[in-house]
Amino acid sequence: MGKGGKANFDDDEQSIVERAPYAKPPFTIGQLKKAIPPHCFQRSALKSSMYLVVDLAIIGAFLYATRYFVFDGVLGWAMWASYWVVQGCVATGVWVIAHECGHHAFSEHQWLDDTVGFILHSCLLVPYFSWKYSHRRHHSNTGSVSRDEVFVPKKKENVAPIAQYLQHPPGRIILITIMLLFGWPAYLFCNASGRPYPKFASHFDPSSPIFSKREQLQIILSDVGLLFVGLGLYSLGSAYGFLWLFKIYGVPLLIVNMFLVLITYLQHTHPALPHYEDAEWDWIRGALATVDRDYGILNHVFHHIVDTHVAHHMFSTMPHYHAQEATKAIKPILGSYYQFDSTPVPLALYRDYKQCVYVEADSDGGDGVLWYKCK
């Protein structure tokens, strides 16, 4: 026990995965930090801003190009589809930079990070401070089935009946589609997929149990930022037409939101990953309960949030442009504790949604250590 072992899934199709080890690791966070070159922890406002400027320039160039989308038929739809995909992907990169601001990884100045993050996230209809505080608690409690903040796995007895009845290919496609389309706004509005709270929890409510009293003023500021952006969008729609606004802004934003759900789900949902009850959980094992993925060229577009996520959970204030070097430095120390899955993303999404329905402890021991199961 402690090394993970192997697990079988499915009645009709056996799939065997090598589980991640769950024993207390033979290394410390200090040893990992010592293995990383010191410059990897240096945050440069200039360098971070250069990545942001490149992203915004691409977004601006494609927005300008829509002036020439005057064709009808297949060519016209192809041009719009290309616009939507590029803008959605690049805007996801902008979202990631704002995410770095929330981690104080954009610069050495907290006020600058919060200013940039607040503006960027507000423009993407994200309540910056609200998300910053809940996301910080996610990093503090990753892998805990009682205190983690996002994609907290359910125990078998808590699986919704509708999810049980839809455990077949068409049903899974329906559930995955719903998750990708509505998962992000549902999480912000009503804490869907988050940890249970004693009362209604929302990222827009300053009195939500997600937040402490000293954070309430900044939650209000987040809401005010969204209100101003909403009024600006309404003015644009009134001036140029709401169909134009949907094509220019709405569809790319929908793609951003889908990527956020997809990325987060696949970072923390995998048959090999353990989760922990309170008596068994500790920070470093929880932080290691994540997996790096390969999104191809999108690794670069998304500023390596997908292929260096393990290192990010170890050192969240490290800027993204050093994360690859840091990952390479700590992998020999992590050994089998480092999880990487190169399965193509669409296949990985369907497989993990199929195999990771609920968590429970194995019958042969390991109380407090929970594994994904599906039977």
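Residues numbered from 1 in each chain as written. Predicted model: local features only at pLDDT ≥ 70, side-chain atom pairs only at ≥ 80, totals over all residues. Heavy atoms only, no water.

Named according to an unreviewed UniProt entry, the protein is Fatty acid desaturase domain-containing protein originating from Sphagnum jensenii. In its Sequence similarities (unreviewed entry) section, UniProt records this for the protein: "Belongs to the fatty acid desaturase type 1 family." (UniProt positions renumbered as here; feature names shortened; annotations may be inferred.)

**Quick look at the environment of S146**
Within the element layout of this structure, S146 appears in the loop between α5 (128-140) and α6 (161-165). Taking the C-alpha atoms as reference, S146 lies 9.8 Å from Y197; in sequence the two are 51 residues apart. Not counting residues up to four positions away in its chain, the partners in contact with S146 are R195 and D278. For S146, the side chain forms a polar contact with the side chain of D278, separated by 2.5 Å. (Helix = DSSP H or I, 4+ residues; strand = E, 2+ residues; numbered from the N terminus. Contact = heavy atoms within 4.5 Å. Polar contact = N/O pair within 3.5 Å; in protein donor to acceptor, adjacent residues only side chain to side chain.)

**Concerning the sheet that holds strand β7 (residues 369-373)**
With antiparallel pairing, 3 strands are arranged side by side in an open sheet as β3-β7-β6. Each end of this open sheet is capped by a strand with a single partner; those strands are β3 (274-276) and β6 (358-360). Taken pair by pair, the neighbouring strands of this sheet meet at an average axis angle of 40°, ignoring direction. Sheet topology places β6 next to β7; 3 bridges connect them, and they run antiparallel. Bridging across to β7, V359 finds its partner in Y372. (Pairing = 2+ DSSP bridges. Axes fitted to C-alpha atoms, helices over the stretch in contact; angles between N-to-C directions.)

**Considerations on the nonpolar core**
Formed by 57 residues in total, the largest nonpolar core has its most connected members in W184, Y295 and F302. Only α3 (73-102), α4 (110-123), α5, α7 (169-190), α9 (242-268) and α14 (345-355) provide two or more residues apiece to this core. Among the elements that line this core, the one with the most residues is α9, at 12 residues. Contact partners of Y295, with chain neighbours within four places excluded, come to L262, I263, L266, F302, V306 and V345. In terms of nonpolar packing, the next biggest core, distinct from the first, is built from 17 residues, I36, C40, A311 and M318 among them. (Core = buried A, V, L, I, M, F, W, Y, C linked by side-chain atoms within 4.5 Å. Buried < 20%, exposed > 50% of the residue type's maximum accessible area, 1.4 Å probe, protein only.)

**Things to note about a nonpolar patch on the surface**
Together, L217, I220, L221, V224 and F228 make up a nonpolar patch on the protein surface, roughly 500 Å² of accessible area in all. Within the secondary structure layout, L221 lies in helix α8 (residues 216-240). The class for L221 is partly exposed, based on a relative accessible area of 39%. (Patch = residues over 30% accessible without salt bridge, like charges linked within 9 Å, V, L, I, M, F, W, Y side chains within 5 Å. Areas by Shrake-Rupley, 256 points an atom, 1.4 Å probe, with all protein chains shown as cover. Salt bridge = Lys/Arg side-chain N within 4 Å of Asp/Glu carboxyl O.)

**Brief notes about unusual backbone geometry**
Of note, the phi angle at H104 is positive, near 60°, even though the residue is not glycine. Among the structural elements, H104 can be located in the loop between α3 and α4. The class of H104 is buried, set by a relative accessible area of 17%.

**Comments concerning the pairing of β7**
Counting buried residues in β7 gives 5 out of 5 residues, a clear majority hidden from the surface. Residues V369, W371 and K373 line one face of β7 and the alternating positions L370 and Y372 line the opposite face, and both faces are buried. Summarising the sheet, β3 and β7 pair through 3 bridges and their orientation is antiparallel. Paired with Y276 across the two strands is V369, which belongs to β7.

**A closer look at the side chain of K132**
Tracing the backbone shows K132 in helix α5. What K132 contacts, discounting residues up to four positions off in sequence, is G102, Q110 and D114.

**Points about α4**
With 14 residues, α4 ought to run about 20 Å at 1.5 Å a step, and its terminal C-alpha atoms sit 20 Å apart, in line with that. Contacts from the buried residues of α4 go to α2 (45-65), α3, α5 and α8. Note on α4: the residue one or two positions beyond its end, L125, has a positive phi of about 60°. (Expected span 1.5 Å × (residues − 1).)

**As for the packing of α4 against α5**
Contact geometry of α4 with α5 gives a least axis separation of 9 Å together with a crossing angle of 115°. When the axes of α4 and α5 are compared, the pair comes out roughly perpendicular. Residues Q110, D113, D114, G117, F118 and H121 of α4 touch α5, and the partners they reach there are Y128, F129, W131 and K132. Taken together, the residues that form the contact of α4 with α5 break down as 4 nonpolar, 3 polar and 3 charged. (Parallel < 35°, antiparallel > 145°, perpendicular 65-115°, else oblique. Nonpolar A, V, L, I, M, F, W, Y, C, P; charged D, E, K, R; others polar.)

**Some thoughts on the pattern of salt bridges**
If you walk through the whole model with that rule in mind, you get 16 salt bridges. With a shortest N-O distance of 2.8 Å, D278 and R147 are connected by a salt bridge. With D278 in the loop between β3 and α10 (283-287) and R147 in the loop between α5 and α6, the pair connects residues that are 131 residues apart, well separated along the chain. Owing to a relative accessible area of 44%, D278 belongs among the partly exposed residues under this scheme. Classification of R147 by relative accessible area gives partly exposed; the value is 25%. A salt bridge links E360 to K373; the shortest N-O distance between them is 3.6 Å. Pair noted here: E360 is in strand β6 and K373 is in strand β7, with a separation of 13 residues, a long-range link. You can call K373 buried: its relative accessible area is 18%. It is possible to trace a salt-bridge network through shared partners that takes in R19, E360, D362 and K373.

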